[in-house]
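The chain contents come next:
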Amino acid sequence: MSDVCDPARPRDLLHWYDRHARVLPWRVSPADRAAGVVPDPYRIWLSEVMLQQTTVAAVKEYFLAFTARWPTVTALAAAPDAEVMAAWAGLGYYARARNLLKCARAVASDHGGVFPDTLEGLRALPGIGPYTAAAVAAIAFDRPEVVVDGNVERVMARLHDEHMPLPQAKPVLTAHAAALTPQTRPGDYAQAVMDLGATVCTPRNPLCGLCPWRGPCAAWAAGTQLDLPKKTPKKRKPTRLGIAYLARRVDGAWLLEQRPDSGLLGGMLGWPGSDWSETPPEEAPPIRAEWKTVSEEARHTFTHFHLRLVVRTALVPMDRAPARGMFVEPDTFDPEALPTVMRKAFALVGR
């Protein structure tokens, strides 16, 4: 078996990528890149932020909508927070949207609307971590930075038959990825490894017969590819309980409140409610009303816990003032702008 760090390995993968690269709305194809088309750092950065803990299939529609509405980083920087948060609704992990605005405004105000073209410069921007900085530096600016996402970790674990479980294996797999990162076409190479993991070296049923790296793959030789990468068993997610209060005024307006900037769903509009805890929640109605309980719960799973919301609904008169929150007129209320868990609660009440 040949050495996996042989310089031929990146070349083999790039040849494969030239033929099989995925067509993605933020990507410059290898043929266009060879013809001199330069990737737009704004589009690369935006896609990478959207893709964090989200699938390509889910991101495409949001990416196209965002770039149609805000085609440049300066346009996004000038957008009202509420509009951006509403456009982000449904993508989840809402801290990403808040950091997106912080970063866009820093690029616009401190860098004249031009992204820094080095890893260090990108890392200095608010909301950009090591992975995103490396990805933008490599893909947008063709810097030979090491880009390691879940797809790359899987490819490296199999290529080297690495049985140390994740997340402990991250430094080892990153070192393997660094040893293979070429000076030539590093941006295309970074995307090629991710494409290999997404389309060939898949978590289940990898298509080893189509893999350009099957020859040097240690896991293929050992027959262990289906067992890798190994992962430390996850802890059981706890279940938290809460109450969501959906009050509708007789003119059709809905009572909503803006959540605090910090914490889950920070800065998003949602239904007033109780705290979320593992013990039965205390009642916290936002307005005096005759509350009725919907027979079905709204259920949602976050990264670290499951949530079960009791949904209460009420019809209130025009002159009734809420203790918290604000009424949103029916012609401006858009349930699609709410976070997913809030939309689930609304779906139980109906229109």
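Refer to the preceding data block for the structure.
What counts and what doesn't
Residues numbered from 1 in each chain as written. Predicted model: local features only at pLDDT ≥ 70, side-chain atom pairs only at ≥ 80, totals over all residues. Heavy atoms only, no water. Helix = DSSP H or I, 4+ residues; strand = E, 2+ residues; numbered from the N terminus. Buried < 20%, exposed > 50% of the residue type's maximum accessible area, 1.4 Å probe, protein only. Contact = heavy atoms within 4.5 Å. Areas by Shrake-Rupley, 256 points an atom, 1.4 Å probe, with all protein chains shown as cover. Salt bridge = Lys/Arg side-chain N within 4 Å of Asp/Glu carboxyl O. Core = buried A, V, L, I, M, F, W, Y, C linked by side-chain atoms within 4.5 Å. Axes fitted to C-alpha atoms, helices over the stretch in contact; angles between N-to-C directions. Parallel < 35°, antiparallel > 145°, perpendicular 65-115°, else oblique. Left-handed = near helix turned anticlockwise from the far one by under 90°. Nonpolar A, V, L, I, M, F, W, Y, C, P; charged D, E, K, R; others polar. Patch = residues over 30% accessible without salt bridge, like charges linked within 9 Å, V, L, I, M, F, W, Y side chains within 5 Å.

(A) The overall build of the chain, seen in detail. Each helix and strand counted, the chain has 14 helices and 7 strands in total. Judged by the C-alpha coordinates and their principal axes, the chain covers about 75 × 45 × 30 Å. Across the 351 residues of the chain, 44% fall into the buried class. Pairs at least 24 apart in sequence give 70% of the contacts found in the chain among residues at least 6 apart. Carbon together with sulfur atoms contributes 53% to the accessible area of the chain, which is approximately 17,100 Å² in total.

(B) Fine view of the pattern of salt bridges. Applying the stated criterion across every chain, the model contains 16 salt bridges. The partner of Arg185 in a salt bridge is Asp188, with the nearest N and O atoms 2.9 Å apart. Classification of Arg185 by relative accessible area gives partly exposed; the value is 27%. A relative accessible area of 6% places Asp188 in the buried class. In this structure, Arg324 and Glu257 form a salt bridge, with 3.1 Å as the shortest nitrogen-oxygen distance. Pair noted here: Arg324 is in the loop between strand 6 (306-316) and strand 7 (326-328) and Glu257 is in strand 2 (residues 254-258), with a separation of 67 residues, a long-range link. Among the residues examined, Glu257 registers a relative accessible area of 17% and is labelled buried. Among the charged side chains, a network of salt bridges with common partners joins Asp18, Arg185 and Asp188.

(C) Examining the nonpolar core more closely. In terms of nonpolar packing, the biggest core is built from 92 residues, with Trp45, Phe66, Leu76, Trp88, Met156, Trp213 and Trp271 touching the most fellow members. Top element by residues in this core is helix 9 (residues 130-141). It accounts for 8 residues. The contacts of Leu76, once residues within four sequence positions are left out, are Tyr42, Trp45, Phe66, Trp70, Val84, Leu100, Leu101 and Ala104. By size, the runner-up hydrophobic cluster in this structure holds 6 residues, among which are Ala253, Leu255, Ile287 and Phe327.

(D) View of the packing of helix 6 (residues 81-88) against helix 7 (residues 95-110). The contact between helix 6 and helix 7 brings their axes to 10 Å, and the two run at 135°. Taken together, the axes of helix 6 and helix 7 lie oblique to each other. The element helix 6 and its partner helix 7 pack so that their crossing is right-handed. Between helix 6 and helix 7, the residues in contact are Asp81, Val84, Met85 and Trp88 and Arg96, Ala97, Arg98, Leu100, Leu101 and Arg105, respectively. For the contact of helix 6 with helix 7, the residue count by class is 6 nonpolar, no polar and 4 charged.

(E) Spatial organisation of the packing of helix 3 (residues 41-51) against helix 4 (residues 56-69). Running from N to C, helix 3 and helix 4 cross one another at 140°; their axes reach a closest spacing of 10 Å. The pairing of helix 3 with helix 4 is recorded here as oblique in orientation. With respect to the hand of their crossing, helix 3 and helix 4 are arranged in right-handed fashion. Facing helix 3, whose interface residues are Tyr42, Arg43, Leu46, Ser47, Met50 and Leu51, helix 4 presents Val56, Val59, Tyr62, Phe63, Phe66 and Thr67. For the contact of helix 3 with helix 4, a count of residues per class yields 9 nonpolar, 2 polar and 1 charged.

(F) Quick look at a nonpolar patch on the surface. A contiguous nonpolar surface patch, about 320 Å² in accessible area, is contributed by Val250, Leu315 and Met318. Checked against the element boundaries, Met318 lands in the loop between strand 6 and strand 7.

(G) Unusual backbone geometry, seen in detail. Here the residue pair Leu166 and Pro167 is connected by a cis peptide bond, since its omega of 10° sits within 30 degrees of zero. Inspection of the secondary structure assignment puts Pro167 in the loop between helix 10 (150-159) and helix 11 (170-180). Across the junction of Leu228 and Pro229, the peptide omega takes the value -5°, indicating a cis bond. With respect to the element layout, Pro229 can be found in the loop between helix 13 (218-222) and strand 1 (239-249). Despite not being glycine, Asn205 shows a phi value in the positive range, around 50°. Relative to the assigned elements, Asn205 resides in the loop between helix 12 (186-199) and helix 13.

(H) Expanded view of the environment of Cys211. Along the chain, Cys211 falls in the loop between helix 12 and helix 13. A residue is classified by how much of its surface remains accessible, and Cys211, at 18% relative accessible area, is buried. Each C-alpha atom of the pair Cys211 and Leu196 lies 7.8 Å from the other, and the pair is 15 residues apart in sequence. If near-sequence neighbours (up to four positions away) are discounted, Cys211 is found in contact with Leu196 and Val200.

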